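Summary of structural features
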Amino acid sequence: MATGLSLELLERLLSSKLTESGDSESTNVEKYLETLDLEGVANYMKLCIGKQGLKNYRKTAKVDKTPEMSSSGEVSDGDQLSSEITEGPTPPSISFPGEKGATSLTPESFIVVMTGAGLSTAAGIPDFRSEDSGLYSRLKKDSSFDLPSPESIFHIDYFKQNPVPFVKLAQELFPGRFNPTKSHFFLRLLQDKGLLIRLYTQNIDGLERRAGILDDKLVEAHGSFHGARCIDCTADADMQVVKESILKGSVPICSQCNKGFVKPNIVFFGEALPPRFQDKSAEDLPICKLLIILGTSLKVHPFAGLVERVSDSCPRLLLNKEPVTGGDMLKSMLGLPTGLDFSEERGYRDVFVGDPCDISCEKLADLLGWRDELEVLYKKELDLLLEEQKSDPLLQLVEHTPSTPQGQDEI
Ligand SMILES: [Zn+2]
C-alpha cells in the first residue's frame, strides 16, 4: 500500500486547474486515487481545512492528462502543510447547497460521521452480535432473562407484555455508568474545530453526549435514553424519576395515566426511526465532503444506506474490524453494486483501516497534528466524568457490570 498521496498531486486533483490547464504529462489519476489510505485522507482533510479547495473529485478523476508529482517525487511533509495553512491567506468561505436551516454549519463543516457499537466496545459496552461476547449471545445463555429470543428484549410488542427483562438490561447499560473512548473525543475535536456537519449514531449508550457532542450535531438514529415516554398515553416522563426507577430495578410507571409502562426513547423493533434521521440525512449527505464510518458492520437499514447518499466525489473512510459495504438495501437485493467498494476497479475513494477505532483515531490525530490536543481533551474530560460518577449515588446502586466485550461489531 502507498504511504499516501503526494500532497501536490492531491491538491491538483482537488483543483479545477487540473482540468483547465490540459497538462501534457499523462498519468492514470484513478490509479492514485485507488491508493488513497489513512495518510491520504489526512492530507485531504488538511487541504479541505486549509484552503476549502473542494472541487469535484470525480470530475478530476476522469481526465487523462495530469501533471507530474512533486519535482522530488516525494510525498510532502504534513508539518509543512500545517504551517502553510496557519500562515496562508484566509480561505474564502464556501456555501453549501441545502444549508438552509442548519444554523451551526460553519464554512469549514464538511464531515459526516456514522458510528456503531464497535465505537463503544472499548468503553466496556458489549456489542450486539458478536458470537461469544455480544449481548444477544449473553441473553441466550442467561436464563434469568427468560426471553423467547434474545431480540425480543427490543421488541415493542414483547415490552408491552413484559418490560422486566428490558429494565434489567437498562439497569446495567444506563448512561452515566460508562465513559466515552478516545475515539469519541476525536469526534468531539471534529466538532470543536467546526468541521463536523453531523454525527449519526446507532448506539443507545449516550457516550457521544457524554463526550460533549451537542444536540444539534447529533442524530441518534436508534433513539436514546435521553428522554422517555409512556407507551399507553405517550406522555413524556421525568427522566430523573425514570432513571431512579430503572437503576433500582423497577419498571417505571407513567405519572399521567398511572398505568402505562414508561420506556426510554430507544427505537425498538416495530417502531419508526425518529423523523430527525430522515430530515437531517436529506440535508447533510449531499453536502458532505468526507464520510467517516466507525465501528459498524453496516447491516442495519436504513442506517447502512447512508453511505450511498453522499456524492460520487466524497471519500469514505471505514474504521472497523472488517471491511464491510453497507449501501442501498434494494440495490443489494437486486445484486446491483452498492455501498463501499475497496476493489481496485471501483474503489477509487473508499478507504478501509482494520485497527480498533481508538488506534485508528490516534493515528489520524497524529497525521493531522492533533494528537496532543486529543490527549489533553481526553484526560481532562474523563477526569470530570469520573468525578461526576463518584458523586451520583444512583450509579452506586448497581454492582454488576456487563462482561467486557471484545472486538467490534454493531447493533
Ligand atoms: Zn401514560
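The structure displayed is predicted, hence computed values, not measured ones.

Each value, and the rule that gives it
Residues numbered from 1 in each chain as written. Predicted model: local features only at pLDDT ≥ 70, side-chain atom pairs only at ≥ 80, totals over all residues. Helix = DSSP H or I, 4+ residues; strand = E, 2+ residues; numbered from the N terminus. Buried ≥ 20, exposed ≤ 12 C-beta atoms within 10 Å, placed from the backbone. Contact = placed C-beta atoms within 7 Å. Axes fitted to C-alpha atoms, helices over the stretch in contact; angles between N-to-C directions. Parallel < 35°, antiparallel > 145°, perpendicular 65-115°, else oblique. Left-handed = near helix turned anticlockwise from the far one by under 90°. Nonpolar A, V, L, I, M, F, W, Y, C, P; charged D, E, K, R; others polar. Arc of directions from axis to C-beta. UniProt positions renumbered as here; feature names shortened; annotations may be inferred. Pairing = 2+ DSSP bridges.

1. Here we look at the overall build of the chain
- When helices and strands are tallied, the chain shows 16 helices and 8 strands.
- A burial count over the chain gives 43% of its 411 residues as buried.
- Across the chain, contacts joining residues at least 24 apart in sequence account for 76% of those joining residues at least 6 apart.

2. A few points about the packing of helix H10 (residues 182–192) against helix H16 (residues 371–390)
- H16 packs onto H10 with a crossing angle of 115° between their chain directions and a minimal axis gap of 9 Å. The pairing of H10 with H16 is recorded here as roughly perpendicular in orientation. Once H10 is placed against H16, the crossing between them reads as right-handed. The residues of H16 that touch H10, namely those facing Lys182, Phe185, Phe186, Arg188 and Leu189, are Glu373, Leu374, Leu377, Tyr378 and Glu381.
- Each residue belonging to the contact of H10 with H16 can be placed in one class, and the counts come to 6 nonpolar, no polar and 4 charged.

3. Observations concerning helix H13 (residues 275–284)
- Of all the positions in H13, only Phe277, Lys280, Ser281 and Asp284 are classed as buried. Down the axis of H13, the buried set is contained in an arc of 100°. They therefore lie on one face. Structural note: H13 exposes Pro275, Asp279 and Ala282 on the side pointing more than 90 degrees away from its buried face.
- Each element contacted by the buried residues of H13 is listed here: strand S1 (111–115), strand S2 (196–201) and strand S3 (218–220).

4. Here's the deal with the UniProt feature "binding site: Zn(2+)" (unreviewed entry) in the chain
- Here the UniProt-annotated "binding site: Zn(2+)" (unreviewed entry) positions come out as Cys230, Cys233, Cys254 and Cys257. Separation in sequence by 28 residues is not matched in space for these annotated residues, since their most distant C-alpha atoms are only 8.6 Å apart.
- Summarising the element assignment, Cys230 is placed in strand S4 (residues 223–230).
- If we skip the residues at most four places from it in the chain, Cys230 touches Ala235, Ala237, Cys254, Gln256, Cys257, Gly260 and Val262.
- What makes Cys233 exposed here is the crowd of 12 C-beta atoms within 10 Å.
- Once residues lying within four places of it in the same chain are set aside, the contact partners of Cys233 are Cys254, Gln256, Cys257 and Gly260.

5. Describing the packing of H10 against helix H15 (residues 357–368)
- Put simply, H10 and H15 touch, their axes get as near as 8 Å, and they point 40° apart. Taken together, the axis directions place H10 and H15 in an arrangement best described as oblique. With respect to the hand of their crossing, H10 and H15 are arranged in left-handed fashion. Contact residues: Lys182, Ser183 and Phe186 in H10; Cys357, Asp358, Cys361, Glu362 and Ala365 in H15.
- Split by residue class, the contact of H10 with H15 holds 4 nonpolar, 1 polar and 3 charged.

6. Remarks on unusual backbone geometry
- In the segment running from His301 into Pro302, the intervening peptide bond is cis, with an omega of 5°.
- Following the sequence through the fold, Pro302 ends up in the loop between strand S6 (290–294) and strand S7 (316–319).
- In this structure, Thr234 takes a positive phi of about 60° despite not being glycine.
- Along the chain, Thr234 falls in the loop between S4 and helix H12 (239–247).

7. A short note on the environment of Leu135
- Among the secondary structure elements, Leu135 is positioned in helix H7 (residues 135–141).
- Look at Leu135 and you get buried, because 25 C-beta atoms sit within 10 Å.
- Between the alpha carbons of Leu135 and Glu151 there is a distance of 9.6 Å; along the sequence they are 16 residues apart.
- The contact partners of Leu135, leaving out residues within four places of it in the chain, are Pro126, Asp127 and Phe128.

8. Some words on the sheet that holds S2
- Reading across the sheet, the 6 strands line up as S3-S2-S1-S6-S7-S8 and stay open at both edges, with parallel pairing between neighbours. Every interior strand has two partners, whereas the edge strands, S3 and strand S8 (350–353), have only one. Adjacent strand axes in the sheet meet at a mean angle of 15° when their direction is disregarded.
- Bridge count for S6 against S7 is 4 bridges, and the pairing is parallel. Looking at S7, one finds that Leu294 is bridged to Leu319.
- Set on the sheet, H10 makes contact with S1, S2 and S6; between it and S2 the angle comes to about 150°.

9. Some details on the pairing of S6
- Across the 5 residues of S6, 5 count as buried, placing the element largely inside the fold.
- What you see with S6 is no split at all: Leu290, Ile292 and Leu294 on one side and Leu291 and Ile293 on the other are buried throughout.
- Relative to S6, S1 runs parallel, the two sharing 5 bridges. The residue bridging Thr115 from the neighbouring strand is Leu294, located in S6.

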